[in-house]
Amino acid sequence: MDENHIKAAYELAKDAYGAYGVDVEAAIARLSQIPISIHCWQGDDVGGFETAGAALSCGGIQSTGNYPGKARTIEELRQDFEKALSLIPGRHRFALHGSYLDNGGVFVDRDQIEPRHFQSWIDWAKHIGIGLDFNSTFFSHPKAADGFTLSHPDPAIREFWIAHAIACRKIGAEMGRQLGSTTVTNIWIPDGYKDIPADRLGPRQRLLESLDKILAERIDPKIHLDAVEGKLFGIGAESYTVGSHEFYLGYAVSRQVLLTLDAGHFHPTESMADKISATLLFCPGLMLHVSRPVRWDSDHVIVLDDELQAIAREIVRSGQLEKIHIGLDFFDASINRVAAWVIGTRNILKALLIALLEPTHKLKEVERQFDYTQRLAMLEELKTLPWAAVWDYYCLQKGVPAGMDWFGEVKCYEAGVLAKRASA
Ligand code: RNT
Ligand code: ZN
């Protein structure tokens with residue numbers, strides 16, 4: 001895109017927003033301070049590096065598609081992610097999973113992982129100047145094959161997964177300490193029943209006890225925070241999910257840990273956006289898994305739809321950005337995976353920009369005066385203000401391609417790097 005055109009359009013946009021009392025420069029300055037925790041698992045279809053060529057199995061989550069060129073090694077995943085980062089404005093984070101360890105080719109089971117297995121990730125993150133977040137991995141493992149982990153009826157299996165989660169907290173804390181940037185370690189388990197259970201309480205009691213054991217040791221919140229993620233259902237767990245939203249809401253509030261809200265983990269008519277203000281009043285903070293469910297928890301790449309904009313608006317309107325950790329959770333294997341990262345991350349940033357350009361103060365004022373007519377009129381007029389001109393200018397300012405220009409770079413990378421992998 002032509003630089004002069006971008007600048008000229010930006011000046012006009014500033015005027016348009018100025019008429020609503022919006023300070024556009026302040027909005028982009030704030031946007032540049034918001035890190036997005038970009039998930040590693042879009043890069044390799046949730047495969048991880050425990051064993052060569054491992055694929056996602058069980059856990060009720062599903063990656064579909066076979067677009068060529070997926071990252072097969074840690075080096076390839078880092079290279080792909082760095083390519084994506086070069087096309088996304090701002091400074092962001094990388095969210096790893098326990099199964100993405102660097103074991104030097106020797107298998108290390110989940111209960112045995114240590115910070116040293118993630119040292120190369122920490123070194124890399126330091127080198128490229130990003131923070132890390134973490135997730136314990138309770139799927140794609142023989143001890144999760146029954147569909148139960150932390151709530152398994154067998155105490156030996158529970159102990160194995162408790163040891164894994166404790167190990168992950170230690171790793172997360174080490175990431176936060178070495179990088180000087182708080183790491184959030186998230187817990188999501190797949191536990192549940194396909195068909196109507198006889199006992200709904202027992203597994204939840206066991207999960208509660210397991211979580212208390214995992215979180216027994218206090219870790220300095222400046223370097224590390226714990227988060228728990230509930231869910232409505234999964235494939236093969238259609239009738240009952242042990243870690244439901246209510247379960248984890250109660251847990252997060254009573255234990256004062258972060259609650260993770262995943263946009264795909266609720267009934268389709270529920271909006272995750274509305275849950276932000278409600279839960280933020282009771283939890284020390286939130287971790288968001290911004291995702292796009294299509295008819296089910298399908299984890300499609302996020303698009304700039306109404307729901308994404310509603311989520312971003314609620315984040316910004318809360319005025320508590322420091323308590324909301326914005327993470328992404330989608331994995332599409334049917335399109336170029338670097339492009340998927342770029343499209344999804346640029347979309348959440350665009351949604352945040354639109355939210356930051358909102359004259360919220362004014363809207364709240366007319367609302368308090370019960371002037372619902374003006375509220376609706378303003379909300380509708382705001383939709384067609386030239387935010388895209390501000391976005392292009394922001395990209396220009398951050399030295400990343402504006403408009404579709406990034407796409408050519410991804411195609412070039414595909415031809416030069418990804419295609420060679422496919423034929424190798
Ligand atoms: C699954 C959860 C969970 C996973 C990732 C890979 O339904 O959303 O967050 O998607 O941990
Ligand atoms: Zn999630």
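It should be noted that the structure appears before, not after, this text.
Residues numbered from 1 in each chain as written. Chains lettered and ligands numbered in written order. Predicted model: local features only at pLDDT ≥ 70, side-chain atom pairs only at ≥ 80, totals over all residues. Heavy atoms only, no water.

Things to note about the environment of Pro 401
Selection rule: Working definition: helices are DSSP H or I runs of at least four residues, strands are E runs of at least two. Numbering for both runs from the N terminus. Think of it in three bands: residues with accessible area under 20% of the maximum for their type are buried, residues over 50% are exposed, and the middle band is partly exposed, with areas taken using a 1.4 Å probe on protein chains only.
Among the structural elements, Pro 401 can be located in the loop between α13 (387-397) and α14 (405-423). For Pro 401, a relative accessible area of 14% puts it in the buried group. In the structure, Pro 401 is positioned 50 residues away from Ala 351 in sequence and 18 Å away in space, judged by C-alpha atoms.

Observations concerning the environment of Asn 135
Put simply, the test is: In this analysis, two residues are considered to be in contact whenever any of their non-hydrogen atoms come within 4.5 Å of each other. We call two N or O atoms a polar contact when they sit within 3.5 Å, provided that within protein one can donate a hydrogen and the other can accept it, with sequence-adjacent residues counted only if both atoms are side-chain atoms.
Its place among the elements puts Asn 135 in strand β3 (residues 131-135). Taking the C-alpha atoms as reference points, Asn 135 and Cys 168, separated by 33 residues in sequence, lie 7.3 Å from one another. Among residues more than four places away in sequence, those in contact with Asn 135 are Trp 41, Ala 95, Leu 96, His 97, Gly 98, Cys 168, Asn 186 and His 289. For Asn 135, the side chain forms a polar contact with the side chain of Asn 186, separated by 3.3 Å.

Some thoughts on the sheet that holds strand β12 (residues 324-328)
Our working rule: In this analysis, strands are considered paired if DSSP registers two or more bridges between them. Here, axes are lines fitted to C-alpha atoms. For helices the fit covers the stretch in contact, and angles between N-to-C directions go from 0 to 180 degrees.
Around the barrel, which closes on itself, the eight strands sit in the order β1-β2-β3-β4-β6-β8-β9-β12 with parallel pairing between neighbours. Going from strand to strand, the sheet's axes swing by 25 degrees on average, the running direction of each strand aside. As judged from the two bridges shared by strand β1 (residues 36-39) and β12, these two strands associate in the parallel manner. Pairing of Ile 36 across the sheet is with Ile 326, part of β12.

Here we look at the site of ligand 1
Selection criterion: Distances are taken per atom, and a residue is near a molecule or strand as soon as one of its heavy atoms is within 4 Å of it. Under the convention used here, a 1.4 Å probe and the Shrake-Rupley method define accessible areas, while residue burial counts only the protein chains that appear. Throughout this entry, Asp, Glu, Lys and Arg are counted as charged residues, while Ala, Val, Leu, Ile, Met, Phe, Trp, Tyr, Cys and Pro are counted as nonpolar. The remaining residues, Gly among them, count as polar.
Around ligand 1 sit Trp 41, Ile 61, His 97, Trp 188, Glu 229, Lys 231, Asp 262, His 265, His 289, Asp 297, Asp 329 and Phe 331, and that is every residue in its neighbourhood. A distance of 3.0 Å separates an oxygen atom of ligand 1 from a polar atom in the side chain of His 265. Asp 329 is positioned with one of its side-chain polar atoms (N or O) 2.8 Å from an oxygen atom of ligand 1. Look at ligand 1: alone it shows 310 Å² of surface, and the protein chains cover 99% of it. By residue class, the composition of the shell around ligand 1 is four nonpolar, three polar and five charged.

Observations regarding the coordination of the zinc ion (ligand 2)
Put simply, the test is: Any N, O or S atom lying within 2.8 Å of the metal counts as a donor, with the limit raised to 3.2 Å for Na, K and Ca; because water is left out of the atom set, some sites can appear incomplete.
Listed as protein donors to the zinc ion (ligand 2) are Glu 229 (OE), Asp 262 (OD), His 289 (ND1) and Asp 329 (OD); their distances from the metal cover 2.1 to 2.2 Å. Sequence spacing among the residues donating to the zinc ion (ligand 2) works out to E-x32-D-x26-H-x39-D. On the criterion of sequence distance, the pair formed by Glu 229 in strand β6 (residues 224-229) and Asp 262 in strand β8 (residues 258-262) is long-range, its members being 33 residues apart.

Let's talk about the side chain of Thr 137
With respect to the helices and strands, Thr 137 occurs in the loop between β3 and α5 (155-179). Separated by 2.7 Å, the side chains of Thr 137 and His 97 make a polar contact. In terms of polar contacts, Thr 137 uses its side chain to reach the backbone amide nitrogen of Ser 99, at 3.1 Å. Ignoring any residue separated from it by four or fewer positions in sequence, one finds Thr 137 in contact with His 97, Gly 98, Ser 99, Arg 110, Trp 161 and His 164.

Observations concerning the pairing of β3
Sheet faces and side chains relate simply in a regular strand, where the side chains alternate between the two faces. Worth spelling out the cut-off: The crossover handedness rule: strands pointing away from the viewer, path from first strand over the helix to second strand clockwise, crossover right-handed.
Of all five residues in β3, five are buried, a share of seventy percent or more. Every second residue of β3 is oriented toward a common face, with Gly 131, Asp 133 and Asn 135 on one face and Leu 132 and Phe 134 on the other, all of them buried. Where strand β2 (residues 93-95) and β3 come together, three bridges link them in parallel fashion. For Arg 93, the partnering residue across the bridge sits in β3 and is Gly 131. Crossover handedness for the path β2 to helix α4 (residues 119-128) to β3: right-handed. As paired elements, β3 and strand β4 (residues 183-187) share two bridges and run parallel to each other.

With respect to the nonpolar core
Selection criterion: Nonpolar cores are built from buried Ala, Val, Leu, Ile, Met, Phe, Trp, Tyr and Cys residues. Side-chain atoms within 4.5 Å join them into one set.
One finds Phe 94, Leu 96, Trp 121, Leu 150, Leu 288 and Leu 352 to be the most contacted residues of the largest nonpolar core, which totals 127 residues. No other element matches the 13 residues that helix α10 (residues 337-356) contributes to this core. Sequence-distant contacts of Leu 150, defined by excluding residues within four places in its chain, comprise Phe 138, Arg 158, Trp 161, Ile 162, Ile 187, Ile 189, Asp 191, Arg 206, Leu 207, Ser 210, Leu 211 and Ile 214.

Looking at unusual backbone geometry
For Asp 299, which is not a glycine, the phi torsion comes out positive at approximately 55 degrees. When you line up the elements, Asp 299 lands in strand β11 (residues 296-300). The phi angle at Phe 370 is positive, at roughly 60 degrees, despite the residue not being glycine. Counting through the fold element by element, Phe 370 comes out in the loop between α11 (360-368) and α12 (372-382). Residue class for Phe 370 comes out exposed when judged on its relative accessible area of 62%.

As for the pattern of salt bridges
Let me state the cut-off plainly: When a carboxyl oxygen of Asp or Glu is within 4 Å of a side-chain nitrogen of Lys or Arg, the pair counts as a salt bridge.
As enumerated under the stated definition, the model contains 23 salt bridges in all. Two residues, Glu 11 and Lys 14, come together in a salt bridge whose shortest N-O distance is 3.8 Å. Of the two residues, Glu 11 and Lys 14 both sit in helix α1 (residues 3-18), three residues apart, roughly one turn of that helix. By relative accessible area, Lys 14 is classed as partly exposed at 22%. Notably, a salt bridge pairs Glu 76 with Arg 72, separated by 2.6 Å at the nearest N-O pair. In the salt-bridge network here, residues are joined through shared partners; they are Arg 72, Glu 76, Asp 80 and Arg 421.

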